[in-house]
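A closer look at the structure
Letter by letter, the chains look like this.
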Amino acid sequence: MKVLDGKKVSLHIREEITKEINKLNIRPKMVDIQIGENPASDIYIAGKEKAANQVGMDFECIRYSADTDEDEIIKKIKELNNDKSVNGIFIQSPVPNGFDEIKLMNTVIPEKDVDGLTYLNAGMLLNNKESMISCTPNGIMQILKFYKIDVESKNVVIVGRSNLVGKPLMNLFINANATVTLCHSKTKNLDKITKKADILVAAVGKKHFITQDMVKRNSVIIDVGINRVDGKVYGDVDYDGVKDKVKAITPVPGGVGPMTITMLLYNVLKAYKIQNKI
Ligand code: NAP
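Presented here is a report on the structure given in the accompanying data block. (Residues numbered from 1 in each chain as written. Predicted model: local features only at pLDDT ≥ 70, side-chain atom pairs only at ≥ 80, totals over all residues. Heavy atoms only, no water.)

**With respect to the pattern of salt bridges**
Note the cut-off: Salt-bridge detection follows one rule: a side-chain nitrogen of Lys or Arg within 4 Å of a carboxyl oxygen of Asp or Glu. Helix and strand assignments follow DSSP, with helices taken as H or I runs no shorter than four residues and strands as E runs no shorter than two, numbered in order from the N terminus. Type-normalised accessible area, obtained with a 1.4 Å probe on protein chains alone, sets the label of each residue: buried when under 20%, exposed when over 50%, and partly exposed for intermediate values.
Applying the stated criterion across every chain, the model contains nine salt bridges. The shortest N-O distance in the salt bridge between K273 and E20 comes to 2.7 Å. One end of the pair, K273, is in helix α10 (residues 257–275); the other, E20, is in helix α1 (residues 6–24), and 253 residues separate them in sequence. The exposure class assigned to E20 is partly exposed, which follows from its relative accessible area of 28%. A salt bridge links K103 to E70; the nearest nitrogen and oxygen atoms lie 3.9 Å apart. Here K103, found in helix α4 (residues 101–107), pairs with E70, found in helix α3 (residues 70–82); they are 33 residues apart in sequence, far enough to count as distant. Accessibility expressed as a relative area gives 40% for K103, which makes it partly exposed.

**Focus: the site of the ligand**
Inclusion rule: In this text, near means that some heavy atom of the residue lies within 4 Å of the molecule or strand in question. Counted as a polar contact is a pair of N or O atoms within 3.5 Å, where, for protein atoms, one must be capable of donating a hydrogen and the other of accepting one, and residues adjacent in sequence contribute only when both atoms are in side chains. Working definition of accessibility: Shrake-Rupley area with a 1.4 Å probe, residue cover restricted to the visible protein chains. Throughout this entry, Asp, Glu, Lys and Arg are counted as charged residues, while Ala, Val, Leu, Ile, Met, Phe, Trp, Tyr, Cys and Pro are counted as nonpolar. The remaining residues, Gly among them, count as polar.
Neighbouring the ligand are 21 residues; R161, S162, S185, I226 and T260 lie closest to it. S162 is positioned with one of its side-chain polar atoms (N or O) 2.5 Å from an oxygen atom of the ligand. Between the ligand and H184 there is a distance of 3.4 Å, counted from a nitrogen atom to a backbone nitrogen or oxygen. Contact with the protein chains hides 71% of the accessible area of the ligand, taken as 930 Å² for the molecule alone. Taken together, the residues of the shell around the ligand break down into nine nonpolar, 10 polar and two charged.

**A few points about the environment of Q275**
Put simply, the test is: By the convention used here, residues are in contact when the closest approach between their heavy atoms is within 4.5 Å.
You can see Q275 is positioned in helix α10. In sequence terms Q275 and C61 are 214 residues apart; their C-alpha atoms lie 21 Å from each other. Excluding its chain neighbours within four sequence positions, the residues that come into contact with Q275 are V86, N87, E111 and K112. Reaching out from Q275, the side chain makes a polar contact with the backbone oxygen of E111 at a distance of 3.0 Å.

**Looking at the nonpolar core**
Basically, it comes down to this: As used here, the term nonpolar core means buried Ala, Val, Leu, Ile, Met, Phe, Trp, Tyr and Cys residues forming a set that is joined through side-chain atoms within 4.5 Å.
Ranked by internal contacts, the top residues of the largest apolar core, which has 51 residues, are M30, M57, L144, F173, I199, V201 and I222. Of the residues forming this core, the biggest block, nine residues, is contributed by α10. Sequence-distant contacts of M57, that is, excluding residues within four places in its chain, are made with I17, I21, R27, P28, M30, A52, L265, V268 and L269. Formed by 18 residues, the second largest nonpolar core is a distinct cluster that contains I33, I77, I91 and V95.

**As for the environment of V233**
On the secondary structure map, V233 appears in strand β10 (residues 232–234). Assessed through its relative accessible area of 27%, V233 is described here as partly exposed. Residues V233 and E111, spaced 122 residues apart in sequence, show a C-alpha to C-alpha distance of 34 Å. Here V233 is in contact with I226, N227, R228, V252 and P253, once residues within four sequence places are set aside.

**Quick notes on the packing of aromatic side chains**
Convention followed: Think of it this way: a Phe, Tyr or Trp ring, Trp meaning its six-membered ring, pairs with another when their centres are within 6.5 Å, and the plane angle makes it stacked under 30 degrees, edge-to-face over 60, tilted otherwise. The criterion is that NZ of a Lys, or CZ of an Arg, lies within 6 Å of the ring centre and within 35 degrees of the ring normal, and then a charge sits over that ring.
One pass over the structure, following the stated rule, counts one aromatic pair. Pairing F146 with Y147 gives two aromatic rings, centres 5.1 Å apart and planes at 75°, and the pair type is edge-to-face. We note K207 situated over the ring of Y234; from NZ or CZ to the ring centre the distance is 4.1 Å.

Written as structure tokens, this is what we have:
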């Protein structure tokens, strides 16, 4: 069984990003907008800032209290859209109740939408056109590419249909000529479907949801889950239970997780190049 090491892939891509930034002698900048207080978001934002600085990018977090008027934030996003020194903008999710996250996200112009979640970028991906691609799904495709795991004509099963992970990932696999089945909480006989997967992706948000009896022998397992239980992080896949049956698997932590911030950096550099016609 091969462990698909997301940290290793991430490091490789970050080195490439750093090299390109140095070669072009540029300093791309991203701006994070955080509304309200959320300790988990604070950790994630600190991770993004550290990673950005390490590859040679500027990072700014603009913080608003949860009682800020939404129109004030919309006005700020529009200002950032027009600010040539800013290359990437993203809205830290989740936003507090009472804010329209979709509206805030779609206020960001597509060229600066480094999360790849605006309707336009999602639609471009659906149509297999060059776009900003959502970071976690793109990170999964990069892991498969790095380990030379062929996707074409494979049976891919994704469990989870979120706009953030499952749906964009489905499009990436379809665009790469895989045959895709997308499952969710209303799917019947899930284990019969997952057992047919050459590549099985779990993006459910439930600790050890995928068990040994649900996976095909010699398949590839991608575990997107980050489930915090009693201070420990668990994946959606029962890693110890399935590891002797499968050909390759991403661990949690250290699999898909490290790729998300890396692909965000990748998108900021891409945004810079598009905006500056490089
Ligand atoms: P989400 O929006 O909560 O979506 C969960 C999906 O799982 C939904 O489509 C849901 O179906 C489906 N589901 C729930 N129970 C199910 C069941 N019993 N059988 C089949 N499907 C079921 O979650 P998400 O944002 O996609 O995230 C999924 C997991 O990935 C979470 O643990 C999250 O923390 C993690 N994550 C990790 C990263 C990373 O960087 N590694 C990034 C994003 C997310 P319905 O649509 O029918 O409700």
